[in-house]
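Below are the chains, spelled out letter by letter.
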Amino acid sequence: MLACRILGHRFRFRAEGPLMLWECVRECGAGGSKRYATDEDARRYALGLERDAAPDRGPPLIAALPVRLLRRVRGRRR
């Protein structure tokens, strides 16, 4: 899939018993699994890797850089 080749895969993670499973939501066929010692370990890692379940951390540092620089310049002129 072209989007995956350009932007990279967008994986979704889930746990089924001691297995953590992941697959690309763009349905390109990429995915896999990993077995953990306990069901709880698999669930914890799946939650930790799931992008949408993570707390909002704000914009990435590079994306916010122009705004931060503009605020700094404007702050010095006042």
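Bear in mind that the values here come from a model prediction, so they are computed numbers and not experimental data. (Residues numbered from 1 in each chain as written. Predicted model: local features only at pLDDT ≥ 70, side-chain atom pairs only at ≥ 80, totals over all residues. Heavy atoms only, no water.)

Another aspect to go through is unusual backbone geometry. Positioned with a positive phi, Glu27 is a non-glycine residue whose angle comes to about 55°. Among the structural elements, Glu27 can be located in the loop between β2 (19–24) and β3 (31–35). Overall, the relative accessible area of 71% leaves Glu27 in the exposed class. (Helix = DSSP H or I, 4+ residues; strand = E, 2+ residues; numbered from the N terminus. Buried < 20%, exposed > 50% of the residue type's maximum accessible area, 1.4 Å probe, protein only.)

For the rest of this paragraph, the subject is the pairing of β2. As judged from the six bridges shared by strand β1 (residues 11–16) and β2, these two strands associate in the antiparallel manner. Bridging from a neighbouring strand, Arg14 pairs with Leu21 of β2. If you look at the hairpin formed by β1 and β2, you'll find two residues sitting between the two strands, and Gly17 has a positive phi there, around 65°. Pairing analysis gives five bridges linking β2 to β3, with the strands arranged antiparallel. Looking across to β3, one finds that Trp22 is bridged to Gly32. Between the end of β2 and the start of β3, which pair antiparallel, lie six residues, with Glu27 showing a positive phi angle near 55°. (Pairing = 2+ DSSP bridges.)

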